[in-house]
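Next come the chains, spelled out residue by residue.
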Amino acid sequence: DVGVGAQPSKIRQAVESGSIYETSVLVFNSGDKEMEITVTPEGEIAAFAEVTPQSYRIQPEPVPHTLPAKYGQAFTVKFNIPVVRKETTFRGTLSAIGNPATGSQFSGSVGVAVVVELIVTPPKSFWSYITPTQYTIAGAVLAAIVLLAVLRRSGYRLRVERRKR
């Protein structure tokens, strides 16, 4: 027998634009042979979802199967939520695909998917739209203005002349 299970079966979460949302998915082997199981984000969420570890070798669950899983592995899923200006729903799946461990007579793969629906709301503040790079540039410009003001107060004069050809 081969089989893969995952809990929860669906993730539906409201998150703020530009934030980081982290959750975990418990994946277990409901077959009778050890399996290498890989979890991959798919669909609209794939561009901003990261799974760790990406794969794990999981022992089969004892029979009869009970929850919580005895040998299940928690996969951490981190979503770097994109910035949106209006409420947007991103949909996708976290696909858990199991392949038999080496030496098995089974040569296919088996899988299960966790349905993901992230309802992203716009940030509550204007400042959320400003990127770290823009903060750095603004800080550098402000530092240059302060430096020029201090130098001028100290008696230094800055003159820009155009060279004649």
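Everything here concerns the structure above.
Per chain, residues are indexed from 1 in the order of the written sequence. Since the coordinates come from a predicted model, pLDDT governs what is reported: local features require at least 70, and pairs of side-chain atoms require 80 or more to be given and counted, while whole-chain, interface and lining totals use all residues. Note that water and hydrogens are dropped before the side-chain values are worked out from all heavy atoms of the structure.

Peer 1: I'm lost on the sheet that holds strand β5 (residues 49-52) in this one. Help?
Peer 2: Backbone-to-backbone hydrogen bonds pair the strands of a sheet. The strands run either parallel or antiparallel. Strand order in the open sheet formed by 4 strands is β1-β3-β7-β5, with antiparallel pairing between adjacent strands. Looking at the sheet topology across the chains shown, the edges are occupied by β1 (4-7) and β5. The average angle at which neighbouring strand axes cross in this sheet is 30 degrees, direction not considered. For two strands to be treated as a pair, DSSP must find at least two bridges joining them. The way it works is that DSSP assigns letters per residue, a run of H or I at least four long becomes a helix, a run of E at least two long becomes a strand, and they are numbered from the N terminus. The convention used is that axes are lines fitted to C-alpha atoms, helices contributing only their stretch in contact, and that angles between N-to-C directions extend from 0 to 180 degrees.

Peer 1: I'm lost on the side chain of Asn 29 in this one. Help?
Peer 2: Along the chain, Asn 29 falls in strand β3 (residues 20-29). Residue exposure (1.4 Å probe, protein chains only): buried if accessible area is under 20% of the type maximum, exposed if over 50%, otherwise partly exposed. Residue Asn 29 is classed as buried on the basis of its relative accessible area of 0%. Of the polar contacts made by the side chain of Asn 29, one reaches the backbone oxygen of Lys 33; its length is 2.6 Å. In this structure Asn 29 touches Gly 3, Glu 34, Met 35, Ile 58, Gln 59, Pro 60 and Glu 61, once residues within four positions along its chain are discounted. Definition of a polar contact: a pair of N or O atoms within 3.5 Å, with one able to donate and the other able to accept a hydrogen when the atoms are protein atoms, and with sequence-neighbouring residues admitted only if both atoms are side-chain atoms. Residues count as neighbours in contact if any of their non-hydrogen atoms are within 4.5 Å of one another.

Peer 1: I'm lost on the pattern of salt bridges in this one. Help?
Peer 2: Opposite charge on two side chains permits pairing when their charged atoms draw close. Whenever a carboxyl oxygen of Asp or Glu lies within 4 Å of a side-chain nitrogen of Lys or Arg, that contact is scored as a salt bridge. All told, the structure shown has 4 salt bridges when counted by the stated rule. Across the pair Arg 12 and Glu 117 runs a salt bridge, and its minimum N-O distance is 2.7 Å. Of this pair, Arg 12 sits in strand β2 (residues 10-16) while Glu 117 sits in strand β9 (residues 110-121), and the two are 105 residues apart along the sequence. Assessed through its relative accessible area of 57%, Arg 12 is described here as exposed. Here Glu 117 falls in the buried class, since its relative accessible area comes to 12%. A salt bridge links Arg 57 to Glu 34; the shortest N-O distance between them is 3.0 Å. On the criterion of sequence distance, the pair formed by Arg 57 in strand β6 (residues 55-58) and Glu 34 in the loop between β3 and β4 (35-43) is long-range, its members being 23 residues apart.

Peer 1: I'm lost on the sheet that holds β9 in this one. Help?
Peer 2: Strand order in the open sheet formed by 5 strands is β2-β9-β8-β4-β6, and the pairing between neighbours is mixed. Strands with a single pairing partner mark the edges of an open sheet, and in this sheet they are β2 and β6. Pairs of neighbouring strands in the sheet enclose a mean axial angle of 25 degrees, with direction left out of account. Inspection of the sheet shows strand β8 (residues 88-100) paired to β9 by 11 bridges, in the antiparallel sense. Pairing of Gly 92 across the sheet is with Val 116, part of β9.

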